[in-house]
Amino acid sequence: MIKLFRANLIDLPTNVSLNYYWCSGFMISGFLAIQIVSGVILSLLFVADSGLSFPCIMELTNDSFFSWLVRYFHIWGVSFIFLIFIVHMCRALYYSSYSKVMVWNVGFIIYILMMVEAFLGYILPWHQMSYWAATVLTSIIQSVPVIGMQCYNFIVGGFSVSNVTLVRVFAAHVVLAFIIIFLSLLHLFYLHKVGSNNSLFFNNGYSDYVFFHSYYSNKDAFCLMVLFSIYIFLIFYNPDLVLDLESYLHADPMVTPVSIKPEWYFLFYYAMLRSVSSKLGGLMLVIVFLFLLWLPTNNYSCNYFIGRQILFWIFCNLIIVLSYLGACPPETPYVLISQVSSFFSVLILIFYKGGWLF
């Protein structure tokens, strides 16, 4: 056991040219650990019942400083994980890390499961926005031909989002967390097997190497402490920054919020869904986008090519624009801009992953 630990965290040969963007994986692991610990504590205090969940959450928030702190650790931890995940995936795209097929495949599965996990956790407080976000997004499943209604009934547990849905969501949220932990270890296994990519684009990830400890362990710890300091500052300075006003209203099936929108890390997907008039069309657009984002090609084009950099930064700006549009009302001109931005984001991914001229 000690030998395994030393081989993976101390004496691991690591490329000497890795910059601070390669610290993002360690930071995700650090915040994932916070989420697991805070999630276990909250699961022991939470009541999965449509009539009691929201009062339970409010009691946790107002009862003691400890329960308040644990809850907001969990709330802000999700945002920080997705923020670092975006940086992590952008770095992988920029330096063509998707060419390391197994590492990329497992990592992308973790990303998909993280989104599912975050959505399930968003439903649990059973406030107005979580209830109606669940109602709107699960209704998209009904638009799938042939099996749509059966899948919807199986997931929701009936003909609409109800107490049965909440119980299923809570169970799935807990189980999925441990699946993510297992896949994270598998991701680390494949990463250490083939070696990290690097900013100088050496084909061999272990050329010109140093040992992971203490060169990179200190570097990772420094980045984690800086990010954790920002995390603590935001929790105490403005804890409700990532929460909507509807988060303080109990779910009411008879009252629809004026504006229904998901959390910030889902906004660009939400903008894509709304950019197509039919639910099925919007779902297909998101699936195509995710497929192209995942597609592990053998495009070893160097990241220093001007054309490749232009495509990458245009793509990043389109995602930011779509995130802004996802928070806007579904009306002119926002819908039109969403359609154009969605089209070009898909087109750029095709050229970026498959174009050999860049």
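About the cut-offs
- Residue numbering note: each chain is counted from 1, following its sequence as written.
- Since the coordinates come from a predicted model, pLDDT governs what is reported: local features require at least 70, and pairs of side-chain atoms require 80 or more to be given and counted, while whole-chain, interface and lining totals use all residues.
- The basis for the side-chain values is all heavy atoms of the structure; hydrogens and waters are excluded.
- Cavities and pockets are found on a 1 Å grid laid over the protein atoms alone: a cavity is a set of points where a 1.4 Å probe fits but cannot escape, a pocket is an open set with protein on both sides within 12 Å along at least five of seven lines, and a lining residue has an atom within 4 Å of such a point.
- Grid points are joined across faces, edges and corners, and a volume is the space filled by probe spheres set on the points.
- Labels follow the DSSP assignment, with helices taken as runs of H or I lasting at least four residues and strands as runs of E lasting at least two, numbered in each case from the N terminus.
- Any residue that is not Ala, Val, Leu, Ile, Met, Phe, Trp, Tyr, Cys, Pro, Asp, Glu, Lys or Arg is counted as polar, Gly included; the first ten are nonpolar and the last four charged.
- Stacked, edge-to-face and tilted labels apply to pairs of Phe, Tyr and Trp rings (six-membered ring for Trp) whose centres lie within 6.5 Å, assigned for plane angles under 30 degrees, over 60, and everything in between, in that order.
- Accessibility here uses a 1.4 Å probe with only protein chains present; expressed as a share of the type maximum, an area under 20% marks a residue as buried, one over 50% as exposed, and anything in between as partly exposed.
- The rule is short: NZ of Lys or CZ of Arg within 6 Å of the ring centre and within 35 degrees of the ring normal puts a charge over the ring.
- Domain start and stop positions are those given by an automatic or database domain assignment.

**Student:** Can you help me understand empty space enclosed by the protein in this one?
**Tutor:** Here the idea is plain: a probe the size of a water molecule rolls over the atoms and shows the empty space left. A full pass over the atoms with the stated rule returns one cavity of 30 Å³ or more. Within this model, the largest cavity holds a volume of roughly 30 Å³. Lining the largest cavity we find L93, F312, F315, I348, L349 and Y352. Looking at the lining of the largest cavity, the elements that each hand over two or more residues are helix 12 (306-326) and helix 13 (334-354). Classifying every residue of the lining of the largest cavity by side-chain character gives six nonpolar, no polar and no charged.

**Student:** Quick question: what am I supposed to make of the packing of aromatic side chains here?
**Tutor:** The geometry of an aromatic ring pair is captured by the separation of the ring centres together with the interplanar angle, meaning the angle of the planes. Per the counting criterion, the structure on display carries 35 aromatic pairs. When the ring of F80 is compared with that of Y231, the centres are 5.3 Å apart and the planes differ by 80°; the resulting orientation is edge-to-face. Residue F80 is located in helix 4 (residues 65-94), and its partner Y231 is located in helix 9 (residues 212-237); the two are separated by 151 residues in the primary sequence. This pair shows no difference in class: F80 is buried, exactly as Y231 is. Just above the ring of Y72 sits the side chain of R71; from NZ or CZ to the centre is 5.6 Å. Above the plane of the ring of Y98 lies K353, whose end atom (NZ or CZ) is 4.7 Å from the centre.

**Student:** Help me understand the layout of surface pockets, please; the structure alone is not making it clear to me.
**Tutor:** The computed volume of the second largest pocket comes to approximately 1,000 Å³. Lining the second largest pocket are 28 residues, with M115, V116, F119, L137 and I141 sitting closest to its centre. Contributing elements (two or more residues each) for the lining of the second largest pocket: helix 5 (101-123), helix 6 (128-139), helix 7 (148-156), helix 8 (163-194), helix 10 (267-275) and helix 11 (279-294). Among the elements that make up the lining of the second largest pocket, the one with the highest residue count is helix 5 (six residues). In terms of residue class, the lining of the second largest pocket is built from 25 nonpolar, two polar and one charged. When we break the lining of the second largest pocket down by domain, the ones giving at least three residues each are domain 1 (7-197 + 211-241) and domain 2 (261-357).

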